[in-house]
Structure formats: structure tokens, C-alpha cells
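Chain and residue survey
As a plain string of letters, each chain reads:
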Amino acid sequence: MSGHIQFLDIDIFHNESFTMFNPKKVYLYVEGEYGFIPLICGKSIEADGTEVATITSRYQNIEAFNRLPKPNDIGWRITQVTEDICFIAITNWYPNSDGKGEPNADLWKNSYPMMYSLLRYLKMEGCEQVCTVTSMNILDAEQNPAINVHTSDNDWEGLFSDEDSYLALPAWAFPMLADKMGMQGKAIVASQDEGQFIDIEALKKMTIYLQLSGLPWCDKEMEKTISTLMSVETELSSQGFDEDTSMGEFQ
């Protein structure tokens, strides 16, 4: 039976499969993040999972217009991918810039209530680890694409490199807030070449790390997602991900 849970500043709309919900480990990713590595990986892992619920909030960045009969979903998807691991796809997010090259001064004010509420709810449901899957552009042209992992129980030091990772909201905030709330925080970061639409080398390294972590994987879904992205490369490349878009749902 479908239902609704209201918890602090979020609403959770769930269906019959919600009985499977067991968020001992939770991975989060933003669908519209530049470079699309989190999206490709998230879709590949979720492919054989079960969508159990969507999360909505008045603090989401939802556009005023939509289309029918195939609308953009206003909710963040929760998919149970193994018995105790679930993925949350963040389908909309406030822009990190004000559109004029300056930081969005309202970003933290608008995003903190939903992040805090979601983490409180996950902890109440038994969550022990909160992990973000994200990417950043290579800062040094001589560097190669790489994967680094930062965990709260290692003082955020990189597991594979001592290089710093420069992350935008919400990639760094979810793990840090989770740590302060008594859960383990973790960030898996792909360093990618911003000159490429999709950095295949960085994607391969992220793919290997996630599969070695014991997560399910669907090669067919990965190929499908990459093919879809490549078919709209011109349109997507013309968008300013950090300028004036909401980093919205991938269709």
C-alpha cells in the first residue's frame, strides 16, 4: 500500500515496496552534475534495484513549468539496491552560482533544512554510513583522471591520494553532517578532464571502485545512459551547469 510520511522538512511518498527499505548504507548523487559520472554510475547500480519512495520538500528547487503526460518528477528517488544499501538520486538542486559568476548567497539557507531532515530520518531508520558519489575537474593539467575516497573516520584524508578534493554542495555537506550526527561520512570523488563531455578514463576508474565495493552493476544500463547522453551532447554542452541551471533531473 502506498503512503506518506511527513518528517521535519521533508515528505516521503512511498509504495508497497517500502517494506524493503533498509538504509544501513546510503549513497547519494546529483543527477545533473557536470561530467555525468555520478549519473551514469547511479543508473547502472539502480537498474536492478527497487524504487521504494520519493522525497519532496518545500526547500527543493522546482521549476514552475512541467510537461504532460511525461512530467519531470519532483521527488528525489530512493532505490533499494541490496538488502541494506540504498541509493538516493537528487533530481534537482539549487545552482551554486547566482548566474553572474558570484556564489549563490541563499544556497546554504535553502538546502540545509532538507539535508538535515533527510539525515535525521535516515539515522532514525538505522543508517550507519552516508556516502556521496561525485566528481571534480582536474586542477593540474599534468594530472591524470583518478578516484579518491575521503572518510570521516580517517579525518577526511584521501584513501588513494593526498591531493585535495574541491567539492560543491551537496557532495561535501551530506557526509560532513552525517559525521556530526553520529554516522560515518564518506565521499567518493572522480577527478575528471573538464575538456571532455564524458571522461571515459575517470568513469572506468569510478566503475571499478564501485563494483569492488560490492555494489550491483548493469553494463546494459551504463551503455544505454552513455548513448542517451551522447545523443544530446550539443544541447547539454550549451547549458551552464554551475551558472543558471538547477542541475535537474536527467530525462
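What counts as what
Residues numbered from 1 in each chain as written. Predicted model: local features only at pLDDT ≥ 70, side-chain atom pairs only at ≥ 80, totals over all residues. Heavy atoms only, no water. Helix = DSSP H or I, 4+ residues; strand = E, 2+ residues; numbered from the N terminus. Rg over C-alpha atoms; globule rule 2.2 N^0.38 Å. Buried < 20%, exposed > 50% of the residue type's maximum accessible area, 1.4 Å probe, protein only. Areas by Shrake-Rupley, 256 points an atom, 1.4 Å probe, with all protein chains shown as cover. Phe/Tyr/Trp six-rings, centres within 6.5 Å; stacked < 30°, edge-to-face > 60°. Patch = residues over 30% accessible without salt bridge, like charges linked within 9 Å, V, L, I, M, F, W, Y side chains within 5 Å. Salt bridge = Lys/Arg side-chain N within 4 Å of Asp/Glu carboxyl O. Lys, Arg positive; Asp, Glu negative; His and termini not counted. Charge placed at Lys NZ, Arg CZ, Asp CG, Glu CD. Pairing = 2+ DSSP bridges. Axes fitted to C-alpha atoms, helices over the stretch in contact; angles between N-to-C directions. Contact = heavy atoms within 4.5 Å. Left-handed = near helix turned anticlockwise from the far one by under 90°. Nonpolar A, V, L, I, M, F, W, Y, C, P; charged D, E, K, R; others polar.

**Notes on the overall build of the protein**
- Each helix and strand counted, the protein has six helices and nine strands in total.
- Here the C-alpha atoms of the protein give a radius of gyration of 17 Å, agreeing with the 18 Å that 2.2 N^0.38 yields for 251 residues.
- Put simply, the protein has 251 residues, and 50% of those count as buried.
- Carbon and sulfur atoms make up 49% of the accessible area of the protein, which amounts to about 12600 Å² in all.

**Concerning the packing of aromatic side chains**
- Under the counting rule described, the total for this entry stands at eleven aromatic pairs.
- For the ring pair Phe 36 and Phe 197, a centre distance of 5.6 Å and an interplane angle of 55° mean the geometry is tilted. Of the two residues, Phe 36 is situated in the loop between strand S3 (25–30) and helix H1 (37–46) and Phe 197 in the loop between strand S9 (184–192) and helix H4 (200–212); the sequence distance between them amounts to 161 residues. Residues Phe 36 and Phe 197 agree in their burial class; the two are buried.
- Measuring from ring centre to ring centre gives 5.9 Å for Tyr 112 and Tyr 116, while their planes differ by 20°; the resulting arrangement is stacked. On the criterion of helical spacing, the pair formed by Tyr 112 and Tyr 116 is a turn pair, its members being four residues apart in helix H2 (residues 107–124).

**A few points about a nonpolar patch on the surface**
- Together, Trp 108, Tyr 112, Trp 172 and Met 176 line one region of the surface with nonpolar side chains, adding up to about 360 Å² of accessible area.
- By the secondary structure assignment, Trp 108 is in helix H2.

**Things to note about a negative patch on the surface**
- A surface patch of like charges, here negative, comprises Asp 140, Glu 142, Asp 153, Asp 155, Glu 157, Asp 162, Glu 163, Asp 164 and Asp 179.
- Note on placement: Asp 179 falls in helix H3 (residues 173–180).
- A relative accessible area of 34% places Asp 179 in the partly exposed class.

**Here we look at the sheet that holds strand S2 (residues 10–14)**
- Strand order in the open sheet formed by nine strands is S1-S2-S4-S5-S6-S3-S7-S9-S8, with mixed pairing between adjacent strands. A single partner strand is all that each edge strand has here, and the edge strands are strand S1 (3–7) and strand S8 (146–151). Taken over all neighbouring pairs, the strand axes of this sheet differ in orientation by 20° on average, direction set aside.
- Bridge count between S2 and strand S4 (residues 50–56): four bridges; the pairing is antiparallel. If you follow Asp 11 over to S4, its bridge partner there is Thr 56.
- In the packing of H1 onto the sheet, the strands contacted are S3, strand S5 (76–80), strand S6 (85–90), strand S7 (129–137) and S9, and the crossing angle to S3 comes to about 135°.
- Across the sheet, H3 is in contact with S3, S5, S6, S7 and S9; its angle to S7 comes to roughly 150°.

**A few points about the packing of H1 against helix H5 (residues 219–231)**
- Relative orientation of the contacting elements H1 and H5 amounts to 145°, with a least axis distance of 8 Å. In this structure, the crossing between H1 and H5 has a hand that is right-handed. Residue-level contacts link Leu 39, Ile 40, Lys 43 and Ser 44 of H1 to Glu 221, Met 222, Thr 225, Ile 226 and Leu 229 of H5.
- For the contact of H1 with H5, the residue count by class is five nonpolar, two polar and two charged.

**Points about the pattern of salt bridges**
- A complete count under the given rule lists four salt bridges for this structure.
- A salt bridge links Arg 77 to Glu 31, with the shortest nitrogen-to-oxygen separation between them at 2.8 Å. Pair noted here: Arg 77 is in strand S5 and Glu 31 is in the loop between S3 and H1, with a separation of 46 residues, a long-range link. Comparing Arg 77 with Glu 31 shows no difference in burial state: the two are buried.
- Note that Glu 201 and Lys 205 form a salt bridge whose closest N and O atoms lie 3.5 Å from each other. Taken together, the residues span about one helical turn, with Glu 201 and Lys 205 both in helix H4 at a distance of four residues.
- Classification of Lys 205 by relative accessible area gives partly exposed; the value is 32%.
- If you follow the salt bridges from partner to partner, you end up with Glu 31, Glu 46 and Arg 77 in one network.

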